[in-house]
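# Structural description and commentary
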Amino acid sequence: MFPGTEEAGNPNSNSFVNPEQAGYVGFANLPNQVHRKSVKKGFEFTLMVVGESGLGKSTLVNSLFLTDLYPERHIPLASEKITQTVKIDASTVEIEERGVKLRLTVVDTPGFGDSLNSTDCFKPVIRYIDEQFERYLQDESGLNRRHIIDNRVHCCFYFINPSGHGLKPLDVAFMKAVHHKVNIVPVLAKADTLTKLEVQNLKRRIMDQIEDYGIKIYPLPDCDSDEDEDYKEQCRQLKNAVPFAVVGANSIIEVKGRKVRGRMYPWGVVEVENPEHCDFIKLRTMLITHMQDLQEVTQETHYENYRAENLANGGSPAGKASRGQSDGLSQRERELLQKEDELRKMQEKLARMQAEMDSKRPEVQPNGNIKTHNV
Ligand code: GDP
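In this text, all values refer to a predicted model and were calculated from it rather than measured experimentally.

### Some words on the overall build of the protein chain
In terms of regular secondary structure, the protein chain is built from 12 helices and 11 strands. Counting over 375 residues, the protein chain shows a buried share of 39%. Pairs at least 24 apart in sequence give 68% of the contacts found in the protein chain among residues at least 6 apart. For the protein chain, the exposed area adds up to about 22700 Å²; of that, 51% sits on carbon and sulfur atoms.

Following this line, the structure appears as structure tokens:
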């Protein structure tokens, strides 16, 4: 043997030897590496919120991330809403907690469900989702693949009106049109307007409808059998809570010496972060603990669907959606939506007629005289 040959191939080979733990390769540290890399790079996450206006979407988002994402929001008047088309508002904030950065984009869809023609209201939403896939696809096949910004929509909170008796045709149609494009998490809005029993019944009804209509919501992943019991219990509770019954509030109220985020009523305070009062904490836990899974499902299922569709068409499905051909609805669902539109139009007409009649009705003056309007 020649002196020094052991070292010749790898001058630093000694630094990789662990004399104390022979046979220990060290890949147990891989998760830490992945973790360190993601921490350095920061997480990118896009959350979309969809639902009729006034259901508390912006309040909930602000409560979830403890930031004011919409400082200069314009709330439309009822008259503006009738003709309003759906806008897509994307706001990005960078949140840092204990050195971990999160670049969070929240995509709001003001005007959804407001317009008389609800059949069209989710097309801009579909187009937005597709455009983000398209952009990612372009970036991925381009030269600068290492620095792609991922703006794909990783999760969509769909807000369900608590005053209905379950899902409306618009809810069903929208969810069916996007369930193969995005992870849908159904949310029962303003749960403080319902009793505990009403929440339970409405949740059950919504889940039955989701199953009956074949809507595919985000499947919370199953726990492995070797996970610890606390984690298993948490997963079970999160799964059982769907659709998450939430309450949002932007005010901090003092209750028995504690400062809580809540809504004050004459009979007491509804605490947003109290699991006895609503599922807000469960929703936030779900989002944080499953953030990576939501990203993986987006990449492996929804983005792959898009890519496959793109390849099959030899072009861009984003363009197709914008031309209004791909709403993913069956004939029956389209008819139901049309009926709902007609009903709305009739209600509008009735309300206008009523208002007109009211304005022409003789008014009784406080002194007993009757004043008549010129007709
Ligand atoms: P958006 O149009 O869906 O974004 O709804 P907003 O967040 O602007 O809320 C509309 C109104 O509902 C505001 O007056 C809020 O204070 C109120 N609101 C928001 N969240 C809740 C809730 O959980 N319960 C109740 N009762 N009211 C809420």
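Now that the structure is up, let's keep going.
### Structural notes on a negative patch on the surface
A grouping of Asp-224, Asp-226, Glu-227, Asp-228 and Asp-230 is seen on the molecular surface, where their side chains present a negatively charged patch. Summarising the element assignment, Asp-228 is placed in the loop between helix H7 (196–212) and helix H8 (229–241). Accessibility expressed as a relative area gives 48% for Asp-228, which makes it partly exposed.

### Notes on empty space enclosed by the protein
Per the stated rule, a full pass over the model turns up one cavity of 30 Å³ or more. Taken as a whole, the largest cavity spans an internal volume of roughly 40 Å³. In terms of lining, the largest cavity is formed by Asp-130, Phe-133, His-180, Lys-181, His-302, Asn-305, Tyr-306 and Glu-309. Elements with a contribution of two residues or more to the lining of the largest cavity: helix H5 (123–140) and helix H10 (291–313). Of the residues in the lining of the largest cavity, the class split is two nonpolar, three polar and three charged.

### What about the sheet that holds strand S6 (residues 244–245)?
What the six strands build is an open sheet, ordered S2-S3-S1-S4-S5-S6; its pairing is mixed. Strand pairing shows two members of the sheet lacking a second neighbour, strand S2 (89–97) and S6, which therefore form its edges. In terms of strand pairing, S2 meets strand S3 (residues 100–108) through nine bridges, oriented antiparallel. When the sheet's bridge partners are listed, Val-93 is paired in S3 with Leu-104.

### Let's talk about the sheet that holds strand S8 (residues 258–265)
Read across the open sheet, the three strands follow the order S7-S8-S9; overall the sheet is antiparallel. The open sheet has two edge strands with one neighbour each: strand S7 (252–255) and strand S9 (268–271). Between one strand axis and the next, the sheet turns by 70° as a mean value, whatever way the strands run. With four bridges joining them, S8 and S9 adopt antiparallel strand pairing. Its bridge partner lying in S9, Gly-262 is registered against Glu-271.

### Description of unusual backbone geometry
As a rule of thumb, non-glycine residues mostly have phi less than zero, and peptide bonds are mostly trans rather than cis. With an omega dihedral of -5°, the bond running from Val-242 to Pro-243 counts as a cis peptide bond. Along the chain, Pro-243 turns up in the loop between H8 and S6. Backbone geometry at Lys-256 places phi at a positive 45°, although glycine is not the residue there. For Lys-256, the position within the fold is in the loop between S7 and S8.

### Some words on helix H3 (residues 57–65)
In terms of burial, H3 is largely enclosed, as eight of its nine residues are buried. Contacts made by the buried residues of H3 are with strand S1 (43–50), S2, S3, strand S4 (155–160), S8 and helix H9 (280–289). Leu-66 sits one or two positions beyond H3 and adopts a positive phi of about 50°.

### Here we look at the pattern of salt bridges
Applying the stated criterion across every chain yields a total of 13 salt bridges. A salt bridge links Lys-168 to Glu-52; the shortest N-O distance between them is 3.0 Å. Of this pair, Lys-168 sits in the loop between S4 and helix H6 (169–178) while Glu-52 sits in the loop between S1 and H3, and the two are 116 residues apart along the sequence. Take Lys-168: its relative accessible area is 28%, and that puts it in the partly exposed class. The residue Glu-273 makes a salt bridge to Arg-284 at a minimum N-O spacing of 3.9 Å. Of the two residues, Glu-273 is situated in the loop between S9 and H9 and Arg-284 in helix H9; the sequence distance between them amounts to 11 residues.

### A look at the pairing of S3
Bridge count for S1 against S3 is seven bridges, and the pairing is parallel. Counted as the bridge partner of Glu-44 is Arg-103 from S3.

### Observations concerning the packing of aromatic side chains
Tallied over the entire structure, the rule returns eight aromatic pairs. For the ring pair Tyr-136 and Tyr-303, a centre distance of 5.2 Å and an interplane angle of 85° mean the geometry is edge-to-face. Of this pair, Tyr-136 sits in helix H5 while Tyr-303 sits in helix H10, and the two are 167 residues apart along the sequence. Residue Tyr-136 shares its accessibility class with Tyr-303, and that shared class is buried. Residues Tyr-158 and Phe-174 carry aromatic rings whose centres are separated by 5.3 Å and whose planes lie at 20° to one another, so their mutual orientation is stacked.

### Things to note about the packing of H8 against H9
Two numbers describe how H8 lies on H9: the axes approach to 10 Å, and their chain directions differ by 120°. Note that H8 runs across H9; the crossing there is left-handed. For the pair H8 and H9, contact is made by Gln-234, Gln-237, Leu-238 and Ala-241 and by Lys-282, Thr-285, Met-286 and Thr-289, respectively.

### A short note on the side chain of His-302
Its location among the elements puts His-302 in helix H10. Other than its neighbours up to four places away in sequence, His-302 contacts Phe-133, His-179, His-180, Lys-181, Val-182, Asn-183 and Val-297.

Criteria and cut-off values
- Residues numbered from 1 in each chain as written.
- Predicted model: local features only at pLDDT ≥ 70, side-chain atom pairs only at ≥ 80, totals over all residues.
- Heavy atoms only, no water.
- Helix = DSSP H or I, 4+ residues; strand = E, 2+ residues; numbered from the N terminus.
- Buried < 20%, exposed > 50% of the residue type's maximum accessible area, 1.4 Å probe, protein only.
- Contact = heavy atoms within 4.5 Å.
- Areas by Shrake-Rupley, 256 points an atom, 1.4 Å probe, with all protein chains shown as cover.
- Patch = residues over 30% accessible without salt bridge, like charges linked within 9 Å, V, L, I, M, F, W, Y side chains within 5 Å.
- Salt bridge = Lys/Arg side-chain N within 4 Å of Asp/Glu carboxyl O.
- Lys, Arg positive; Asp, Glu negative; His and termini not counted.
- Charge placed at Lys NZ, Arg CZ, Asp CG, Glu CD.
- 1 Å grid on protein atoms, 1.4 Å probe; cavity = no way out; pocket = protein on both sides within 12 Å on 5 of 7 lines; lining within 4 Å.
- Points joined across faces, edges and corners; volume = space filled by probe spheres on them.
- Nonpolar A, V, L, I, M, F, W, Y, C, P; charged D, E, K, R; others polar.
- Pairing = 2+ DSSP bridges.
- Axes fitted to C-alpha atoms, helices over the stretch in contact; angles between N-to-C directions.
- Phe/Tyr/Trp six-rings, centres within 6.5 Å; stacked < 30°, edge-to-face > 60°.
- Left-handed = near helix turned anticlockwise from the far one by under 90°.

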